[in-house]
There are 2 protein chains.
Amino acid sequence: MRAITGIFILFAVALSVRAETGHELWLRKHKADPVKIIASGDSATLQIALHELQQGWQGKAGASVVLTVKPDESIRGDGYKLTTSGVQAKTELGILYGVYDLLRRQQTLQPIQEEVSNPSYERRVLNHWDNLDGSVERGYAGHSIFWRSGTDPLAVTEKDKALWREYARANASIGINGTVLNNVNASPQMLSSEYLSRVKAIADVMRPYGIRVYLSVKFSSPSLLGGLKTSDPLDSQVIQWWKNKVKEIYGLIPDFGGFLVKANSEGQPGPQDYGRTHAHGANMMADVLKPHGGIVMWRAFVYSPGDKDRAAQAYAEFMPLDGQFRDNVIIQVKNGPIDFQPREPFSPLFGGMKKTSVMPELQITQEYLGHSIQLVFLAPMWEECLQSDTYQEGPGSTVARATDGRLFQQKYTAIAGVANIGLDANWCGHHFAQANWYAFGRLAWDNGLTGDRIADEWIRLTFSPNPSEQPNALKTGDWLETFLTPVKDMMLQSREAAVNYMMPLGLHHIFAGGHHYGPGPWYAPKGMRPDWTPPYYHQADASGIGFDRTRGGSNAESQYHEPLASQFNDPATCPEIYLLWFHHLPWTYKMKSGRTLWDELCCHYEKGVLQVRRFQKIWDKVEPYVDAQRFAEVQSKLRRHYRDAQIWKDACLLYFQQFSRLPIPYDIERPVNDLEDLMKIDLKWSHHN
Amino acid sequence: MRAITGIFILFAVALSVRAETGHELWLRKHKADPVKIIASGDSATLQIALHELQQGWQGKAGASVVLTVKPDESIRGDGYKLTTSGVQAKTELGILYGVYDLLRRQQTLQPIQEEVSNPSYERRVLNHWDNLDGSVERGYAGHSIFWRSGTDPLAVTEKDKALWREYARANASIGINGTVLNNVNASPQMLSSEYLSRVKAIADVMRPYGIRVYLSVKFSSPSLLGGLKTSDPLDSQVIQWWKNKVKEIYGLIPDFGGFLVKANSEGQPGPQDYGRTHAHGANMMADVLKPHGGIVMWRAFVYSPGDKDRAAQAYAEFMPLDGQFRDNVIIQVKNGPIDFQPREPFSPLFGGMKKTSVMPELQITQEYLGHSIQLVFLAPMWEECLQSDTYQEGPGSTVARATDGRLFQQKYTAIAGVANIGLDANWCGHHFAQANWYAFGRLAWDNGLTGDRIADEWIRLTFSPNPSEQPNALKTGDWLETFLTPVKDMMLQSREAAVNYMMPLGLHHIFAGGHHYGPGPWYAPKGMRPDWTPPYYHQADASGIGFDRTRGGSNAESQYHEPLASQFNDPATCPEIYLLWFHHLPWTYKMKSGRTLWDELCCHYEKGVLQVRRFQKIWDKVEPYVDAQRFAEVQSKLRRHYRDAQIWKDACLLYFQQFSRLPIPYDIERPVNDLEDLMKIDLKWSHHN
């Protein structure tokens, strides 16, 4: 075996001599040309800007670049203006962002013209679901880069700081300016002095890159950590405890961002435990943070077991509180009403809450989209959400506009992305998962960007149109045609492919228990709360399939503004991508294609599998233009991606066929697995965490 | 889980109410019409013929059938003549065969016309590789129907006898007239008096069906069982021991058929252990058996570790002995020179040995053709061998004519098939594996039959063109078009498909160790004798692939008669199906298609997988016309068949690619498994034996 493996490696190397781990992300080292930089000041942030220019300049050799910090009405916050002579901004961080943009344009061969760029959201925040023992909830790229277990877990080493610096640089290069360092299912230990000293060390590394640190806090910390008898937010001792803790934090970290809170959700403590509302809880914390400039990001991800429709609960619980929150509270709302599914309609809280700051929470880590095994580029999904029209203030009231301050007055605007980052050499487990981190940052900066534009940028940065940087030097024009176009096409199709082979036509949450990776439409262990089991969501029976959220059903459609509510309520006008989200329909329901619902479902599953098969071809074909290591790693992932897509198709079709009692259309490929076997296999991804 | 399984079963039942285990084989019960039978005599054999007619008559109700035993020059042995009034034969067994033919024609809706049918071979023998402990070597259909372990293993029960009777009937219905009850790797215990008494019981059940029993014997039985100091075939005590033993056997079984011997092969003892030749050993036994009318079937399956080409050894060892064997010795030769591979050229001993009786040994059990997992219909493979022209007595000297007495004077003619029968309800593990048992019997009777004709018959018998016997009554014409045509097409393509996804273009013996099911081109444990490892056979290296058997190589081609030797020796004239059997060629060797050898290899593997994918479609489409149980069981087997074909393709292409260093053509589907993983998985079929 050993000898054979040896041969194999030799072979891989032979095809392309360069091997890369992917650790450089979209910030590959380049042969830089000399550049003359004119700037005043020598802050740490400015030093970074200078260094980046010197290391990465690809413009005219010996050219001058002027970096100017000065007031400008066209620039907001840390926005910047690219000019023919350099970068102008109101802040040094704005300069740094402008420099990254300049270098990005050079590296991607995009024109540089006078142009102002302002951020869509003021706070562009990563949420790390990192536990203090180093594990990462829904992390598929190794352990935490911030926390570890073992001996002396709190020691801050040079290696730690170097990694945090790389992390900060990557984030700054795409405009991310905040990071929540720990899991929303927070440990009270997070606020202990020992852990806060490590937070300070992290914050010190982040600061020059313009990144503020935030912490997730457990609502019952006063009792659990402080030893108080209660954590009631109206209790004066509790308030005092928080005041002291916040003061301690700001003593260490003067630019500390604030708290992220998951309260009264999935077993986490919250104000309701003391007969208080979410507003009571959030406002208490907001009041404590306000003097220091901190904010509270309060999650609206709530649902309880008894309710008749989980999708309707966050809205039902939070809408009555609209107007009751302090101006430094931001309600953090997941893009869809359930939970980061492959496809959901937008949450009706977007645009619905008009007197409260609301921020979208996107999930970069692919909890429900193939973990770090499947190549799924998420920008098109986020674009779909951000561009959805809520109609709350008339046509054009998109989710983007309802959250970025254009539609409503908000003291703070923000957007969060649950990070997909871990200790893996390539940071994200899958080389293409880096594109999702990249895309989040870019969309947080400019929520009008398209997935196409983002993919284009990322491919050019991560691989290279520059002949001198390719394994087999291709002329740039050829590279665009032979490499960029097919690879981008694959990325842009990948999310729809995942929807097709996992949950087409509005199906949702039919994963096997626990891991949220493989199919489990049958999964319903005895005694489990129904809303944690797929049959609750798909409702398949002899009469049909889908969750009835119409007026005759849970009436969740009524949470949407007209004309959406009526559109969704009628299967004839409901977009077919959401059909089974809102309707329980007979298997023989006639679709717009003329096919029956059952046949259409089968065709979607088939299409998804064929799409992944095509991705394999696309990738294999670009082998000469990628370094050996990244090529082989992605190729291997795509193989498993294909096998698992096939398993999804087989499992769902064979399971649902028990109810439809209809043949799978004979023009599509047959299942290659038996349902019985599929119900036994465990696709759990046990490698990481 | 339980509830779900319940639903699934209900579903399967709903599609088709009849469920069949397949135990009836091609002899399904039919609603018989009354028939008047005119016959004289009441032997047990004749009684069976009468009973079959009464139970299965599908002709004109109340018609008369005359069964006449009388001499007829046009009839040979147990042949028969169908006449307008009934069946005429020289023996009562001939009558029985004629009756089965008559009924078969009725059930398959074939015309009945006056016609003589004579057997191609006098001895049409199944070889059971059944061990006395009940296990079956290379058996994939459960344990032995003859032997068992446990308490009182030799007790003959009524259940035993009923099963043996069903077995005998099935064999008689297709003309099989002999059965070797135990493994060629024989236990000396086989000849003990205790076991012989069970053999007598089996023979008593078989006799009325015209089936003689034979035994495999261990050459060293005189020492191991008889306690003699030697088993030297020239030793008088040894000879006497055999005389006594044979006498004992014939005392119990007057029509005992004779011995099958595997000697000096794969560790079995033989005459060479005593400095004697195969002729010495075989002749000694032949002399002992002759007075009783017994024969010796002496296997030519010999090869030793040191030799430079295993394929050349049997010929090298046996040709010098041609003419030295007694007339009641038949040399039993496997169809190809190596060992029942998916495709081999015929063994050059056929036609080569001109003064010795030679019988073909075919393998019905799918040791190298997918066990009882894959649907592989073997008749086309056997037809290919039997119709191969040896040129030994001029053009037209086919293997069939060289072994059935047409080309050479042979006192006895015979053909053997290694059985695929076990205790499984459907006898053969896979419903379609029954077709191979059927095909062997039919070809043994008439070695000019085509695979097409045999498949046609088998499908009509095993399923039914009769509307009253189908789950969803189809008019016969529709049934032929909708069911028979596609299913037959699938069967006829299936062996070529297996060659494509396992070992195209003359590749052979690249199985993983031991089980001979999954791929193992890399398999070469340290210290294993080379001719038991795949690299010995494929010889893949950077310069190319294939076993050089040309004049510059092992020269095995010279064992063939001209023009074959020269044809095989030159890659330009060598049939491409045998190309890598005879040649080691560069990866870029230009094939007749214009493709390189590497590309052509890839295309064959791809084609094989796509063929199995098509089989799945064919089978799924005929669901309405098959009972639920057989449909579901075959469907499930085809799913695994597909998955394993894919594994074959991936394993071989990725393994060989290490040497070819060429891309897999981009128009074919990509591997979906990693070589590393494939080298670890164990496809051993552990269910049976």
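Residues numbered from 1 in each chain as written. Chains lettered and ligands numbered in written order. Predicted model: local features only at pLDDT ≥ 70, side-chain atom pairs only at ≥ 80, totals over all residues. Heavy atoms only, no water.

Bringing unusual backbone geometry into the picture now. A cis amide bond links Glu-562 of chain A to the next residue, Pro-563 of chain A, at an omega of 5°. Of note, Trp-427 of chain B is a non-glycine position whose phi angle comes to about 75°, a positive value. With respect to the helices and strands, Trp-427 of chain B occurs in the loop between β13 (414-418) and α13 (434-445). (Helix = DSSP H or I, 4+ residues; strand = E, 2+ residues; numbered from the N terminus.)

Side chains carrying opposite charge are able to pair once their charged atoms draw close together. A full pass over the atoms with the stated rule returns 98 salt bridges over all chains. When the shortest N-O distance is used, the salt bridge between Lys-488 of chain A and Asp-456 of chain A registers 2.9 Å. Here Asp-456 of chain A lies in helix α13 (residues 451-462) and Lys-488 of chain A lies in helix α14 (residues 476-502), a separation of 32 residues in the sequence. A residue is classified by how much of its surface remains accessible, and Asp-456 of chain A, at 12% relative accessible area, is buried. Residue Arg-276 of chain B is joined to Asp-232 of chain B by a salt bridge in which the shortest nitrogen-to-oxygen separation is 2.7 Å. (Salt bridge = Lys/Arg side-chain N within 4 Å of Asp/Glu carboxyl O. Buried < 20%, exposed > 50% of the residue type's maximum accessible area, 1.4 Å probe, protein only.)

Turning next to the domain arrangement of chain A. All names here are of chain A. For chain A, the domain assignment lists domain 1 (31-117), domain 2 (123-448) and domain 3 (500-547 + 584-678). Averaged C-alpha coordinates put domain 2 and domain 3 at centres separated by 31 Å. Listed as interface residues are 25 residues of domain 2 and, on the opposing side, 25 residues of domain 3. Together, Ile-373, Gln-374 and His-431 form the three largest contributors to the area buried by domain 2 at its contact with domain 3, with a combined 26%. The tally of links from domain 2 across to domain 3 stands at zero salt bridges. At the junction of domain 2 and domain 3, the tally comes to 15 residue pairs in polar contact (both at pLDDT 80 or more). Considered class by class, the residues forming the side of domain 2 that touches domain 3 number 10 nonpolar, nine polar and six charged. (Domains from an automatic or database assignment. Contact = heavy atoms within 4.5 Å. Buried area = accessible area lost by both parts, 1.4 Å probe. Polar contact = N/O pair within 3.5 Å; in protein donor to acceptor, adjacent residues only side chain to side chain. Nonpolar A, V, L, I, M, F, W, Y, C, P; charged D, E, K, R; others polar.)

This brings us to empty space enclosed by the protein. Residues and elements named next belong to chain B. Using the criterion set out here, one finds 14 cavities of 30 Å³ or more in the structure. Lining the largest cavity are 18 residues, and of these Ala-300, Phe-301, Ala-314, Gly-336 and Pro-337 lie nearest its centre. Of all elements in the fold, only α9 (313-318) and β11 (329-334) reach the threshold of two or more residues within the lining of the largest cavity. Partitioned by chemical class, the residues of the lining of the largest cavity number 12 nonpolar, four polar and two charged. (1 Å grid on protein atoms, 1.4 Å probe; cavity = no way out; pocket = protein on both sides within 12 Å on 5 of 7 lines; lining within 4 Å. Points joined across faces, edges and corners; volume = space filled by probe spheres on them.)

Moving on, we come to helix α19 (residues 628-660) of chain A. All names here are of chain A. In this model α19 runs 47 Å from its N-terminal to its C-terminal C-alpha over 33 residues, within 8% of the 48 Å that 1.5 Å per residue would give. Summarising burial for α19: 28 of the 33 residues are buried, a large majority. Just past α19, the residue Arg-661 takes up positive phi, approximately 50°. (Expected span 1.5 Å × (residues − 1).)

Residues and elements named next belong to chain A. Of note, Met-591 is situated in the loop between α17 (579-582) and α18 (597-621). For the pair Met-591 and Asp-650, spaced 59 residues apart in the sequence, the C-alpha separation amounts to 22 Å. When residues no more than four places from it in sequence are discounted, the contact partners of Met-591 are Leu-505, Glu-576, Leu-579, Thr-596, Leu-597 and Glu-600.

Two copies of the chain are present, and they differ by a rotation about an axis and a shift along that axis. For the pair chain A and chain B, the best superposition has an RMSD of 0.0 Å and corresponds to a rotation of 180° with a translation of 0.0 Å parallel to the axis. The superposition of one copy onto the other is thereby described by a two-fold rotation axis. Closest to the rotation axis within chain A is the C-alpha of Arg-643 of chain A, separated from it by 5.1 Å. Of all interface residues in chain A, 97% are interface residues in chain B too; the two copies therefore contact each other through one and the same surface. (Least-squares fit on C-alpha atoms with pLDDT ≥ 70 in both.)

Residue and element names in this part refer to chain A. Burial within strand β8 (residues 212-217) is extensive, with five of its six residues counted as buried. Bridge count for strand β7 (residues 178-180) against β8 is three bridges, and the pairing is parallel. What sits directly across from Gly-178, in β8, is Arg-212. Read from β7 through helix α5 (residues 193-206) to β8, the crossover connection turns out right-handed. Strand direction decides the pairing type here: β8 and strand β9 (residues 258-261), joined by three bridges, are parallel. Along β9, the bridge assignment pairs Leu-215 with Phe-259. (Pairing = 2+ DSSP bridges. Right-handed = clockwise from strand over helix to strand, strands pointing away.)

Each side of the interface is counted separately: chain A has 33 residues, and chain B has 32 residues. Carbon and sulfur atoms supply 60% of the area that chain A and chain B bury against each other, a total of about 3700 Å² over both sides. Notably, a salt bridge pairs Asp-674 of chain B with Arg-639 of chain A, separated by 2.7 Å at the nearest N-O pair. Applying the counting rule to chain A against chain B returns 16 residue pairs in polar contact (both at pLDDT 80 or more). Contributing elements (two or more residues each) for the side of chain A that touches chain B: α1 (2-15), α18 and α19 of chain A. By residue number, the principal contributor to the side of chain A that touches chain B is α19 of chain A, which donates 10 residues.

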